[in-house]
Each structure stands twice: as structure tokens, then as C-alpha cells.
Amino acid sequence: MNGAAAILKALERQGVTTIFGHPGGTIMPTYDALYDSPIRHILVRHEQGGVHAATAYARASGKVGVVMATSGPGALNLVTGLQDALMDSTAVVAITGNVPQALIGTDAFQEADVCGITQPVTKHNFQIRDVGDIPRVIAEAFYIASTGRPGPVLVDVPKDVQLAPFSGSFDVEINLPGYRPTFRGHPRQIERALEALERAKKPVLMVGGGAQHASAELIAFAEKTGIPVIPTLMGLGAFPGTHRQFLGMPGMHGSVAANWAIHNADTILAIGLRFDDRVTGKVSRFAPNAHTIIHVDIDPAEIGKLVSTAIPVVGDAKWVAAELAKGAKKLSIAEWWQQVDEWRTKHPFSWNPKPYLQSQEVIHAFWEATGGKAVVTSGVGQHQMFTAQFFKFDQPRSWINSGGLGTMGVGLPFAIGAALARPGELVIDFDGDGSFQMTLQELATVKKYNLPVKIVILNNGFLGMVRQWQDLFHARRYSEVYLADSNPDFAKLAEAYGIKGLTLSDRGKLAEAVQEVLEHDGPVLLDCRVHHEEGVFPMIPSGGAAEDMIIENPREAVEAGD
Amino acid sequence: MRHVVSVLVQDKPGVLQRIAGLIARRGFNIESLAVGRTHQEGLSRISLVVTGDDRVLEQVEKQLNRLIEVIKVTDHSEPHVERELALVKVAVPGMEERLEIKDIAEAFRARIVDVARKSIIFELTGDSVKVHNFIEAMRPYGLMEVMRTGAVALSRGEQVLKVREKKAAV
Ligand SMILES: Cc1ncc(C[n+]2csc(CCOP(=O)(O)OP(=O)(O)O)c2C)c(N)n1
């Protein structure tokens, strides 16, 4: 056995069945070993597609996603995806080849300082210099990636290490004296949290992506207390979107009810979220009436980083939520609910039907037709926000998007990863015409493995979200955001890859198109020609607060008055 | 506020780069950084001086704790010993100045480690204030070169930084 075979054996021991990747010179010994391995390799067309697919695979399955790449250019193509996984706390292990050790530091062909470059975009990285270390390092990489606050870990393996003979054992001991995640929240702090909630008149529960694995416990706690629940963009699905205690997501494009509830709340219990500025707006004006913020997070560095916390609880969301549920009492907050309900009824997410097709109704139609039973991915932009607003996620791990980094182009590779993680389930990618074009070469991957993903392009002919900002804050000077004059015919493009392609522009044919997409056995792309100047509302301008919320499209009011 | 922070780390390739990178990326203001081996194999110890309020200090500690090779972090708010080593090359224009300079050096207990026709190198240990004051006292004569190691610190008494229980981990 050589080092390369040992890498695959070590991966197998971690339960890995699927790897995404793209080969090249310095990783070739491992690709050679792959030939004899039971592990399935998914050949992507760009390493960025591979790392995004591995990310979605991890998020959709709860397992570790694995991506492999060659040295230099291959490894560097992982950088965006690694940062994306880091920001959204996803367990990914990247294996990269490197030039032989004798050539490291000589500017050899396809050499790059991969460990140096990926240091800030990974939770941790390793370079294996001794073939004997392979089993231990792989075990440590998986342990670090998947425990505590999950994150990406990169393992760089010089080619000579892959080729060296290996005779060691795979029964290794993990030795990380500096890494001991705190799993159990402090009982006294949990008690204090429960006491604070009992005293609260206007409490809310905020739930983030760090609680996707704690859904059952959160529902139990929420139902026992009767508290209003606000999942963040990353938390959607962790608490059911059709539950009567669900208020919608908060923040820049959040619901009126969620934002006003946070603004007026006296007590906030936040579980598994990091108070991103897209959620808080201007921190100094965030939740001005909350005298008690209880923050539960497995990463102590997140607690108190941005928002002052009265009761910090360091621990795993699932464990802490279960403890909270055990001790919880029904809260007497009828008056608060009356108020919250009023906001919710008065300002639901909605759109005004128009003669032309609109993104919101496309997403809504798919939600209705599927009963919400789908794993949904998206690119980044207006279509992402519309999806978060109009698709009601009832299941955890069913909404996979780029929250922290806001990476355009994740939609299609995310759908690929989700389809491989959850075979037999419906996977829909709601994508933008701009975002889709950043990674559309992965249509080839969809074709190669006949992955039955439904790609729905909300084609507004613009970099819509940027256009919206230009509309609102740059006097409608649409600088470099127009795409329609040069967009391809997406349906034909799909056909060119051997994938069924459809175009929809008549809103009268929406229901029919949705059916056709859902009934087609295999991958299909639906190009929806939606209105080109739609805006996402409500909106809290960047750096604003709940009080600055623009509830309806001001443009629409003006135009109606014209 | 000035804080002296001690960090016990595993002696692995790239650790120092990780720590320096993290501090820089997070925008913390770092005054000095000193590193050296400990008496235990595989462990190094870092002394960091940072300035900022309690919130900054808390974040520095928490962020350092997130690094996998960081075993323990402590800030020296308790009684501790703090020392810095400085080498200071001072210009000596004439005989008269030479005597004055020697007097000052004696007051600071600085040792002469090199004497040339027009310069003297002093070696000085002490806390950072003492080193600073010595440098300022020499400035009028003409500082040619100054090299400081940055502060190193140990807690007084029995308290030590050791492997085991890293309370706050990722
Ligand atoms: C890689 C990358 N580049 C640039 C941006 C900035 N950006 C955010 S949204 C957006 C426009 C997205 O356009 P599209 O995908 O067509 O979606 P739409 O907003 O029109 O729904 C841009 C350019 C980004 N988020 N990611």
C-alpha cells in the first residue's frame, strides 16, 4: 500500500462514500488508488463546484463533505468555497495534492503555498510530511471539521508522500490537547436563562444555522413555552415555516413581524446564530428594548462578539435546547402575541399580481405543488431572498444557501451535492441568471451522473440585487448590471448538455410548467422570464435598524400614482 | 489599556504564522510578541502585549483559543513578573558625553556589551516602562539602533500555564 491508498483507506474508515473532485498531476497517485477503492468520486468541471457540492452534501446529510483537488491552480480554486463553508459553519474536508517535498519552496510547476493561503479560510489545515501520519491526520481533520463549531479543514499531501510505501496502522489516537469543544452548556447558566424567560413579557426565540440539528428539541421548547420563533436565513427549516409560532426570518429582507418583534422584545433567546450584520443592522440600534439577551453557541468567541449578552451559554444547540425544553414553563404572554399577530397579519410576505410573471409567484407555485417537500438551493441575490420569503421550509437541512459569504454561483453545485446526499428526494435550485452563469459548467456534472435536479432560473435579465440598490440608493444609475442583451438561451444551453430545457414567460402557463418540471423524470432546467425591475421588500437599508424598514416598494407607490 | 497575554502552544509548523495572521486579520492592535520554547518538549510559549478595552482583550483570548494548537491562554492581570531585553546602540560624540552616558546607564543598571570609538551598545532588562525610559534618556545623545525583544511574563507564585483543560474551546 502507498500513501495514496492509505488516504482512501483512512477516508473509508471515516465512513466516506462520496468524494467530489477534479484530478491533476500532484494528486494523481490518489486518483490512481481511487480506481480500486469503493469510494465514489464525482467528477466536477471546476474545483469551486466540487467544494460547494461537498458543502451542500454535508449540510443536507449532516455528514462530512469531502473534496479533492490537485496542487496550485486546483487548490486555489477551492478558496471561495472554503470561506463559504467557514462562514456558514459546515464540516468539509479538502484533500489537496502538492508538489514533492524536495520542490516545495522552489516555485516549482503548479506550486502554491496552499497552507498559507488557506489558513484564514479554514478552521484548520495540515500538511502531511510523513506517510505514517496519514491515518492520524485524516482522523484529526474529520474530528475538527465535524465537532464543536463545524468548519472546513484542508489536508495538503505532497506527491512523494502519496507515493511513499505505507505500512502503519489505521487505529490511531487523536491527540489535540488544545481542542476540546464544550458540548454541555453550564447548568447554572441554563437555569438563569429559564428564570429570565419566565420573567419576560415580550420574549422571542431566535434560531440560527447552528441549530439545524436541534429541530426536535427547539420545537419541544417552543411549544412548551409558547414563545414566538424567528429563524435566521441560515436557521430556516430548523423550525417549521408553517408552524403557528413562526414569525419569519429577521434582518435586511426579513418579515415585518420578525423585525418588530425583535425591536420590541424585552428578552431574546438566541440559539446557534452569530448576529451577522444582515440580521442586526446597526448593532447599536439592534433590539434596543431587550434588557436580557441569552446567547447559546458552541463557539465561545461568538458570544459577546457583537451584541452584549446577559446570559452566555457555551454548548451544543441540541443539548442546550433539550435542557431548556426540560425545564421550560408555559409563558404568560397573551398580550405580546396579540401585538405580534397584528404585525404578522397586517404585513405578511406578499406580492401584487401583475400581467407579467414574477419571481415570488414562481417560488410560491413550486412550494404549493410540492407541499414544501424538497431540498432547495439558491444562488445569491433577489431570487435567494424571495426563496427564503416564499418557500416555507418545514424540515431541517432542506434549505441550502450561502448566508455568510453570499457567494454567487453556489446554487447549481449545492443542488448537485444535495442530490447526492439525499437520493430519491426532490432537489430544486432557484437560481438567478447572474449567479447561474458563474458555475453553469456543472450542468455537465448533472448530466454525467443523471442527477434529477430541477433548475429554476428566475431570469430578470439583470444582476437584480445590485440593480435594486442602484435603484434605491444610486439614483437609478444602472451601472454594469444589464445581462439580458447577452444572456444565452438557457433552455437551449441545457439541451446542449443533454438536459431537458423549458422556457416560461406567460404567467398563465405557470402551473403547467411547474407540473412539467416536477413530473419530468430526470434533470430539467426551467428558464422563467420574470419582470426585470422587481424589488425585494421589506428592506432595512444596510447599516439601518428596524425603524428604517421600507415595508413596500416605494417605486410601486410612485408608479401607481403616475 | 495595555494587557500582557501568555499563550501556551503546541510547537507545530506554522503556529506563529497562524497566531500573527489571526491577530492582524481581526484588527487587534498588537504592541509586541515574543516566542520561545518551554521546558516541556513540543510546547512553546508566547507573550503578547495588546492594547484595548476589556472587550478587545476578551475577543483576543477567545479568538486565540479557537486555534487548534493553542492549549491555554491567560492574561496577566494578577501579580506577575514582566521583563524585556533591549540592545541599544548610542552615539558617543566625545569624552564628556561618554561619562554622562555611562552615568545614566549605571542608574538603569544597563550593561555595556560593546564599546567602539564613537558608539556603545548597552544591554538592558526590565519592564517595558524601564526600557522605554532608558531609551528616552539616551535619545539626546543620538540613538543609532534599538532592538527590543518585546515583553515576556510569568505569574508570581504557584500559578502556571499547563496542558489540560482548555476551558473555552471552539
Ligand atoms: C461571487 C459574487 N460576486 C458578486 C456578488 C455581488 N452580488 C450580490 S447579488 C448580485 C446580483 C445577483 O444577480 P442574479 O444572480 O441574477 O440574481 P438576482 O438578484 O437578479 O435575483 C451580485 C452581483 C456576489 N454576491 N458574489
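Residues numbered from 1 in each chain as written. Chains lettered and ligands numbered in written order. Predicted model: local features only at pLDDT ≥ 70, side-chain atom pairs only at ≥ 80, totals over all residues. Heavy atoms only, no water.

In this assembly, 25 residues from chain B lie in contact with 28 residues from chain A. At the boundary of chain B with chain A, total buried surface from both sides reaches about 2200 Å², with 48% on carbon and sulfur atoms. If you look at where chain B meets chain A, you find 1 salt bridge. Salt-bridge contacts for A:Asp299 lead to B:Arg66; the nearest nitrogen and oxygen are separated by 3.2 Å. Put simply, chain B and chain A have 8 residue pairs in polar contact (both at pLDDT 80 or more) between them. Broken down by secondary-structure element, the contributors of at least two residues to the side of chain B that touches chain A are α1 (15-25), α2 (54-66) and β4 (70-75) of chain B. For the side of chain B that touches chain A, the element with the most residues is α2(B), which contributes 6 residues. Here the residues of the side of chain B that touches chain A are counted per class, giving 9 nonpolar, 5 polar and 11 charged. (Contact = heavy atoms within 4.5 Å. Buried area = accessible area lost by both parts, 1.4 Å probe. Salt bridge = Lys/Arg side-chain N within 4 Å of Asp/Glu carboxyl O. Polar contact = N/O pair within 3.5 Å; in protein donor to acceptor, adjacent residues only side chain to side chain. Helix = DSSP H or I, 4+ residues; strand = E, 2+ residues; numbered from the N terminus. Nonpolar A, V, L, I, M, F, W, Y, C, P; charged D, E, K, R; others polar.)

What follows concerns the sheet that holds strand β2 (residues 29-37) of chain B. Residues and elements named next belong to chain B. Pairing is antiparallel in the open sheet, where 4 strands are placed in the order β2-β3-β1-β4. Each edge of the sheet is formed by a strand with only one pairing partner; in this case those strands are β2 and β4. Strand-to-strand twist in this sheet, taken as the mean axis angle between neighbours without regard to direction, amounts to 20 degrees. Here strand β1 (residues 2-10) runs beside strand β3 (residues 43-51); their pairing, made up of 9 bridges, is antiparallel. Looking across to β3, one finds that Val 7 is bridged to Ile 46. (Pairing = 2+ DSSP bridges. Axes fitted to C-alpha atoms, helices over the stretch in contact; angles between N-to-C directions.)

Moving on, we come to the pairing of β4(B). Residue and element names in this part refer to chain B. With respect to burial, β4 is a largely interior element, 5 of its 6 residues being buried. In this structure, β1 lies alongside β4, joined through 5 bridges in antiparallel fashion. Directly across from Leu 8, in β4, lies its bridge partner Lys 72. (Buried < 20%, exposed > 50% of the residue type's maximum accessible area, 1.4 Å probe, protein only.)

Turning next to a negative patch on the surface. Together, B:Glu96, B:Glu100, B:Asp103 and B:Glu106 give the surface a local cluster of negative charge. A relative accessible area of 53% means that B:Asp103 is categorised as exposed. (Patch = residues over 30% accessible without salt bridge, like charges linked within 9 Å, V, L, I, M, F, W, Y side chains within 5 Å. Areas by Shrake-Rupley, 256 points an atom, 1.4 Å probe, with all protein chains shown as cover. Lys, Arg positive; Asp, Glu negative; His and termini not counted. Charge placed at Lys NZ, Arg CZ, Asp CG, Glu CD.)

The subject of this paragraph is the site of the ligand. Residues and elements named next belong to chain A. Near the ligand lie 17 residues; those nearest to it are Gln 382, Gly 406, Gly 434, Ser 435 and Gly 464. The contact in question runs from an oxygen atom of the ligand to an N or O atom on the backbone of Gly 464, over 2.7 Å. Met 465 has a polar backbone atom sitting 2.8 Å from an oxygen atom of the ligand. The fraction of the free accessible surface of the ligand (590 Å²) that becomes covered by protein chains is 76%. For the shell around the ligand, the elements supplying multiple residues, two or more each, are α16 (382-390), α18 (433-436) and α20 (464-473). (Near = heavy atom within 4 Å.)

Before going further, it helps to spend a moment on a nonpolar patch on the surface. Taken together, the side chains of B:Leu87, B:Val113 and B:Met147 make up a nonpolar region of the molecular surface, amounting to roughly 270 Å² of accessible area. Along the chain, B:Val113 falls in strand β6 (residues 111-115).

Taken as a whole and judged by the stated rule, the model has 35 salt bridges over all chains. The closest approach of N and O atoms between A:Glu191 and A:Arg188, which form a salt bridge, is 2.9 Å. You can see A:Glu191 and its partner A:Arg188 sitting in helix α9 (residues 187-199), 3 residues apart, about one turn around the helix. Between B:Arg2 and B:Glu82 there is a salt bridge whose closest N-O contact spans 2.7 Å. Here B:Arg2 is found in strand β1, whereas its partner B:Glu82 is found in strand β5 (residues 80-91), with 80 residues between them in sequence. Its relative accessible area of 13% is what places B:Glu82 among the buried residues.

Residues and elements named next belong to chain A. Reading across the sheet, the 6 strands line up as β2-β1-β3-β4-β6-β5 and stay open at both edges, with parallel pairing between neighbours. The strands lining the two open edges of the sheet, one partner per strand, are β2 (40-43) and β5 (124-127). Pairwise comparison of adjacent strand axes, ignoring direction, gives a mean angle of 20 degrees for this sheet. Sheet topology places strand β3 (residues 65-69) next to strand β4 (residues 92-98); 5 bridges connect them, and they run parallel. Paired with Val 66 across the two strands is Val 93, which belongs to β4.

So, on to the environment of B:Glu82. Residue and element names in this part refer to chain B. Along the primary structure Glu 82 and Ala 151 are separated by 69 residues, whereas in three dimensions their C-alpha atoms are 6.4 Å apart. Apart from residues lying up to four places away in sequence, Glu 82 is in contact with Arg 2, Val 4, Gly 126, Asp 127, Ser 128, Ala 151, Val 152 and Ala 153. Side chain to side chain, Glu 82 and Arg 2 meet in a polar contact 2.7 Å long. Reaching out from Glu 82, the side chain makes a polar contact with the side chain of His 80 at a distance of 3.0 Å.

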